[in-house]
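Each chain is listed here by its residues.
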Amino acid sequence: MTLKIVSTSDAPAAIGPYAQAIRAGNLLYTSGQIPLTPSGELVVGTIQDQTRQVLTNLKAVLAAEGIGFENVIKTTVFLKDMNQFADFNEVYASHFGAHTPARSTVEVARLPKDVLVEIELIAAISVETVKN
């Protein structure tokens, strides 16, 4: 299997020794994104503000491979405070619409740069949706 490092200047550069994403065959695995702008500026504010930026970053990484949120298979969400789940979920749902990938959401003690949210995802490069 061929591995390809995926990178875009439309999302923040990695803040450590890792790639924004790796394509392995027909799957794309993103690293966790936090609410940094592409220039590296931290978005402070509410969980909604930070979630919007994280999803904007992930959208840019997906676009680097010519795909979008409709290709997402699984997301993993890390929240600093599970009491903010409803506010987070409102923004998350607005980006995914009717497409509902599998998801895990966990509360963590601390995230990089003390942000409120981090999200990573797995996406398929080509998708054929089968409905029951």
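Residues numbered from 1 in each chain as written. Predicted model: local features only at pLDDT ≥ 70, side-chain atom pairs only at ≥ 80, totals over all residues. Heavy atoms only, no water.

Visitor: So what exactly am I meant to see when it comes to the overall build of the chain here?
Guide: Along its length, the chain carries two helices and six strands. Mapped in sequence order, the helices and strands of the chain form the string β-β-β-α-β-α-β-β. Radius of gyration (C-alpha) of the chain: 14 Å, near the 14 Å computed for a compact globule of 132 residues. Taking all 132 residues of the chain together, the buried fraction comes to 42%. In the chain, once contacts between residues fewer than 6 apart in sequence are set aside, the share between residues at least 24 apart is 70%. When the accessible area of the chain is evaluated, it comes to approximately 7200 Å², of which 53% is carbon and sulfur surface. (Helix = DSSP H or I, 4+ residues; strand = E, 2+ residues; numbered from the N terminus. Rg over C-alpha atoms; globule rule 2.2 N^0.38 Å. Buried < 20%, exposed > 50% of the residue type's maximum accessible area, 1.4 Å probe, protein only. Contact = heavy atoms within 4.5 Å. Areas by Shrake-Rupley, 256 points an atom, 1.4 Å probe, with all protein chains shown as cover.)

Visitor: I'm lost on the pairing of strand β2 (residues 21-24) in this one. Help?
Guide: Alignment of strand β1 (residues 3-6) against β2, held across four bridges, turns out to be antiparallel. Bridge pairing in β2 places Val 6 opposite Ala 21. Taken together, the four bridges between β2 and strand β3 (residues 27-30) define a ladder with antiparallel strand orientation. Across the sheet, Ala 21 pairs through a bridge with Thr 30, a residue of β3. Here β2 folds back onto β3, and the loop between the two strands holds two residues, one of which, Gly 25, carries a positive phi near 65°. (Pairing = 2+ DSSP bridges.)

Visitor: What am I meant to see in the nonpolar core here?
Guide: Nonpolar side chains tend to gather and get buried jointly when the protein is soluble and globular. By size, the foremost hydrophobic cluster in this structure holds 26 residues, and its most contacted members are Leu 28, Leu 62, Phe 88, Val 117 and Ile 119. Elements represented by at least two residues in this core include exactly α1 (47-63), β4 (72-79), α2 (85-96) and β6 (117-124). At seven residues, the largest contribution of residues to this core is made by α1. Residues within four places of Val 117 in sequence aside, it is in contact with Gln 33, Ile 34, Pro 35, Ile 47, Gln 50, Thr 51, Val 54, Val 77, Phe 78, Leu 79, Phe 88 and Leu 111. (Core = buried A, V, L, I, M, F, W, Y, C linked by side-chain atoms within 4.5 Å.)

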